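# Structural overview
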Amino acid sequence: MQNIFEMKFLAISQNQAFARVCAAAFAAQLNPTLAELNEVKTAVSEAVTNAMIHGYGAGCDDEKWIYLRCQILDNEIWVEIEDKGMGINDIAAAREPLYTTKPDEERSGMGFTVMEEFMDEVVVHSALGEGTVVKMSKKITQ
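As the structure is a prediction and not an experimental result, all values here were calculated from the model.

## A closer look at helix α2 (residues 34-56)
The end-to-end C-alpha separation of α2 is 32 Å, in line with the 33 Å expected for 23 residues at 1.5 Å each. The first or second residue beyond α2 is Gly 57, which carries a positive phi of 75°.

Shown next as structure tokens:
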């Protein structure tokens, strides 16, 4: 089986839940277990939250978009979250547990750790001033 979908949505907090539901509905084609579905939803939620908070920062407006792309290849789902925000200065540091660029806010610094725990592969591409792309994959048991 092969299928693809993509969408863009405003980088506002109300759309975080929308993105995770869309990704989960798409993944449902593979007949995942409830645990697998929840893992995909949680990873998408973390990636979208990172794009909103760290990519665009406070005060997102209607000019800030997040792009969600999903692809199914055989029994694997690929999810890509992209923003055109600030970019990540040090990807290796950002992937460390408890690392946060917003210590004054109530941020745990566990976003990438959660994504890596729940997905089989997480690849991050980023350029300062150009944005970030997080690509994740998960094989679904059949």
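## Describing the packing of aromatic side chains
Counted by the stated rule, this structure contains 1 aromatic pair. Ring plane angle 50° and centroid distance 5.0 Å describe the contact between Phe 5 and Phe 26, whose orientation is recorded as tilted. In this pair, Phe 5 is assigned in strand β1 (residues 2-10) and Phe 26 in helix α1 (residues 14-27), connecting sequence segments 21 residues apart. Since its relative accessible area comes to 8%, Phe 26 is described here as buried. Over the aromatic face of Trp 65 sits the side chain of Lys 8, whose NZ or CZ is 4.3 Å from the ring centroid.

How each quantity is defined
- Residues numbered from 1 in each chain as written.
- Predicted model: local features only at pLDDT ≥ 70, side-chain atom pairs only at ≥ 80, totals over all residues.
- Heavy atoms only, no water.
- Helix = DSSP H or I, 4+ residues; strand = E, 2+ residues; numbered from the N terminus.
- Expected span 1.5 Å × (residues − 1).
- Phe/Tyr/Trp six-rings, centres within 6.5 Å; stacked < 30°, edge-to-face > 60°.
- Buried < 20%, exposed > 50% of the residue type's maximum accessible area, 1.4 Å probe, protein only.
- Lys NZ or Arg CZ within 6 Å of the ring centre and 35° of its normal.

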